[in-house]
Amino acid sequence: MKNYRLKFFIDFEGTITKNDVWINSLGKFINDNEKFDRICEDLHSQKIDTRETMIRQLELVENFSLEKFNSYLDLEEIDEYFKDFAGFCKENDFEIFIVSGGLDYYISYILARKNIDVKFYACKMVWNESTKKLNSELIYTDEYCRLCETCKRNILINATNDLENDISVYIGDGESDYCASRYADIVFAKRRLASYCWKNNITYFEYKNFGEIKNKIIQLTEKKIGHRREAMIRRRDVIMGG
């Protein structure tokens, strides 16, 4: 009988979805591609943070239409194994939290289209019909840190009870996942997140899809799973105000 509870914290774009929805669908309303690419380059080189990236990119959105946006979202595909993975977690009483710096509108839209019911944290999309301006409301930020639109670290820490032996599992692929990966007991990473973990000595499992993640979790649960000491110390320091 297992004496722990697995909790999964999962990035959305490029992790659950095959494409970056922000770039692939929302990007269709951006005409100044040169400026957009420059913003992305500044993010990748860490000249600006993800919150500043979102603000600058939303300023480039023109002629936005919900009807057109929905038609683009209808073409967005998710990892073909994610729905099965979500069912696997439900069967085993593993909790899933989607943590995203993206917009709640398209996350809700895509999940509903795929008939998937998973709790998620994201920025609130604000569409002003009169001014025709698209904006966002940051709901899950950290009052002392202004780097990210959604503080994935805080969500992970607040939902992980070390005293009840919760084991946090983080799954992601990009810059917005860097911080949270340092506080997770188990990390699944690909692309830029995998490179970040490797460079910063964070133990991780590389993956291609959620089928591979499911199989690895089955293997891990056949053994004794415990907290990653460095991550547990970091979580404790945040809770204690360190």
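None of the values given here were measured: they were computed from a predicted structure.

A. Main features of the pattern of salt bridges. Applying the stated criterion across every chain yields a total of 17 salt bridges. Among the ionic pairs, aspartate 177 bridges to lysine 152, the shortest N-O distance being 2.9 Å. With aspartate 177 in the loop between strand 5 (166-172) and helix 8 (178-181) and lysine 152 in helix 7 (residues 152-159), the pair connects residues that are 25 residues apart, well separated along the chain. Residue class for lysine 152 comes out buried when judged on its relative accessible area of 4%. Between arginine 236 and aspartate 237 there is a salt bridge; the shortest N-O distance is 3.9 Å. Judged by relative accessible area, which is 47%, arginine 236 ranks as partly exposed. Judged by its relative accessible area of 33%, aspartate 237 is partly exposed. A network of salt bridges, in which partner residues are shared, links Arg5, Lys7, Glu95, Glu164 and Asp166.

B. Just the packing of aromatic side chains, in detail. Scanning all chains against the criterion turns up 21 aromatic pairs. When the ring of phenylalanine 69 is compared with that of tyrosine 105, the centres are 6.1 Å apart and the planes differ by 20 degrees; the resulting orientation is stacked. Of this pair, phenylalanine 69 sits in helix 4 (residues 66-73) while tyrosine 105 sits in helix 6 (residues 104-113), and the two are 36 residues apart along the sequence. Residue classification places phenylalanine 69 among the buried positions, given a relative accessible area of 0%. The exposure class assigned to tyrosine 105 is partly exposed, which follows from its relative accessible area of 26%. Centroid distance phenylalanine 88 to phenylalanine 94: 6.0 Å. Interplanar angle 70 degrees. Geometry classified as edge-to-face. A relative accessible area of 10% means that phenylalanine 88 is categorised as buried.

Conventions and cut-offs
Residues numbered from 1 in each chain as written. Predicted model: local features only at pLDDT ≥ 70, side-chain atom pairs only at ≥ 80, totals over all residues. Heavy atoms only, no water. Salt bridge = Lys/Arg side-chain N within 4 Å of Asp/Glu carboxyl O. Helix = DSSP H or I, 4+ residues; strand = E, 2+ residues; numbered from the N terminus. Buried < 20%, exposed > 50% of the residue type's maximum accessible area, 1.4 Å probe, protein only. Phe/Tyr/Trp six-rings, centres within 6.5 Å; stacked < 30°, edge-to-face > 60°.

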